[in-house]
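Working through the structure, step by step
Read off the chains here:
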Amino acid sequence: MQNNLPSSDIFKNLRTLKETEEFLSQINNTLESLFKIKRGSFSQVLDKNMGAENAQILKKIAEEKKIDLSNHSSLEKLLFEIKQEISKVKVLKLYLAIDPTPQIIENTSSWVKENLGEDVVLDIERDETILGGAIISFDGQYKDFSLRKTLDEIFKSKRNEVFALIK
Amino acid sequence: MNINQIVILDIAFALLVVSVALWVMVISYSQLLKKMNSYQRQADDLKKQINYKESRIIDEAREKAREIIDEALEKAQRVISESQSTNSQAKKMLDDALEALIKHQISYFEKASQDFLNEYRRELGALKQRSVQIARNVSEDIGKHTLEEVQDFDSILQKETIAAQKIVEDKIEDQYSGAQKEVEEYKNEMMKKAEEEIYKILENVSKIALGKGLSLQEHEQLIIDALEKAKKAG
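Residues numbered from 1 in each chain as written. Chains lettered and ligands numbered in written order. Predicted model: local features only at pLDDT ≥ 70, side-chain atom pairs only at ≥ 80, totals over all residues.

Bringing helix H2 (residues 216–233) of chain B into the picture now. End to end, H2 of chain B covers 25 Å across 18 residues, agreeing with the expected 26 Å (1.5 Å per residue, within 8%). Of the residues making up H2 of chain B, those classed as buried are His219, Glu220, Leu222, Ile223, Ala226, Leu227 and Ala230 of chain B. When H2 of chain B is viewed along its axis, its buried side chains cluster within an angular range of 160 degrees and face the same direction. H2 of chain B presents Gln217, Glu218 and Lys232 of chain B as exposed residues on the side facing more than 90 degrees away from its buried surface. Buried residues along H2 of chain B sit against strand S1 (90–96), helix H6 (102–115), strand S3 (133–138), strand S4 (141–146) and helix H7 (147–157) of chain A. Backbone geometry just after H2 of chain B places Gly234 of chain B at a positive phi near 85 degrees. (Helix = DSSP H or I, 4+ residues; strand = E, 2+ residues; numbered from the N terminus. Expected span 1.5 Å × (residues − 1). Buried ≥ 20, exposed ≤ 12 C-beta atoms within 10 Å, placed from the backbone. Arc of directions from axis to C-beta. Contact = placed C-beta atoms within 7 Å.)

Structure, rendered in structure tokens:
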């Protein structure tokens, strides 16, 4: 992905759609705060609205682009650019049989970013009926790799044997 | 002479003519009246004469009618009296003859009725005997025929019963085999349904057991495997 921003830093922390929406909300809050404060250091504004980690990322980006944090308009422009970048994020919808732990989310997100791109985030929904595995919807495609489907196929193929056992 | 005088003369002449005409008319009218009166008198006389003649004729006719009626009455009385005497004589003769006849008839009827009664009794006796004989014969015939009929009926009934029995047996056999077949089919159908149900239960239980039996790590692995498969599938 070609841009002027080090997007890997931005997207690295954005694993899920929820996190992405939260990040966007933080940027919007920061922008609102910037409108109110015309002068002074905006570092505190960032710390207050973005959270420590994201604020650090933004500061790092500002440093790399040589943007003065006390420069209101430059900072504003930067935030708008970041917002624009984030709006281009791609969503991979996952239906899982469980509520994933943070570790599972982390590992899954890592795989997705490694194999599909940094700008892909996960949108996870729980569906117990799939029993295991996942149903994946991405880029207009829908694939069922759930345990339920696998078992259905097994039972179909082994139907006669099962009936013989019943009899 | 001027015109006025001429006119006056003309008028006078006209008046004269008119008066003469009137005079003539009056005279003729009076004569006519006289004639009418004389005719009227004649008519009255004639009427009187006619009335007189009429009354005379009526009186004469009345007199004549009275005479005729009196004569007829006398004659009728004579005839009646004659017939009455003849009537009483005839009546007496008739009564005598009638009495004699009645006596003769009574004796004849008495004899005839007695003969008739005897004859009736004889005939009745003979008829009774004949009837008894006929009744005897008939009852014997009836008995004989009835016995034959009963025997025939019995044999027919036996045959029919056996045939009906056979038909019923065949029908029962058919229905039984049909029922057996249905029962068998029903049994197979129920068995099939039961097997299907068991299969479904087995399937669902297996799925639930497998799903719940997985650990978090196994779930994670399955998720990654699914993603790998999706990537390979494109």
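So, next bit.
Looking now at the packing of H7 of chain A against helix H1 (residues 3–213) of chain B. Where H7 of chain A contacts H1 of chain B, the axes come no closer than 11 Å and their chain directions differ by 145 degrees. In this structure, H7 of chain A crosses over H1 of chain B, and the sense of that crossing is right-handed. Across the interface between the two elements, Leu147, Arg148, Leu151 and Phe155 of chain A of H7 of chain A pack against Glu203, Ser206, Lys207, Leu210 and Gly211 of chain B of H1 of chain B. Of the residues contributing to the contact of H7 of chain A with H1 of chain B, the split by class is 4 nonpolar, 2 polar and 3 charged. (Axes fitted to C-alpha atoms, helices over the stretch in contact; angles between N-to-C directions. Left-handed = near helix turned anticlockwise from the far one by under 90°. Nonpolar A, V, L, I, M, F, W, Y, C, P; charged D, E, K, R; others polar.)

Here the focus is the packing of helix H2 (residues 17–36) of chain A against helix H3 (residues 43–50) of chain A. Residue and element names in this part refer to chain A. With their axes 9 Å apart at the nearest point, H2 and H3 run at an angle of 145 degrees to one another. For the crossing formed where H2 meets H3, the hand is right-handed. Here Gln26, Asn29, Thr30, Ser33 and Leu34 of H2 come into contact with H3, specifically with Val45, Leu46, Asn49 and Met50. Here the residues of the contact of H2 with H3 sort into 4 nonpolar, 5 polar and no charged.

Right, let's talk about the sheet that holds S4 of chain A for a bit. The 4 strands lie next to each other as S2-S1-S3-S4 (chain A), forming an open sheet whose pairing is mixed. Because the sheet does not close on itself, it has two edges, and the strands there are strand S2 (120–126) and S4 of chain A. Going from strand to strand, the sheet's axes swing by 20 degrees on average, the running direction of each strand aside. Across the face of the sheet, H2 of chain B comes into contact with S1, S3 and S4 of chain A while running at roughly 40 degrees to S3 of chain A. (Pairing = 2+ DSSP bridges.)

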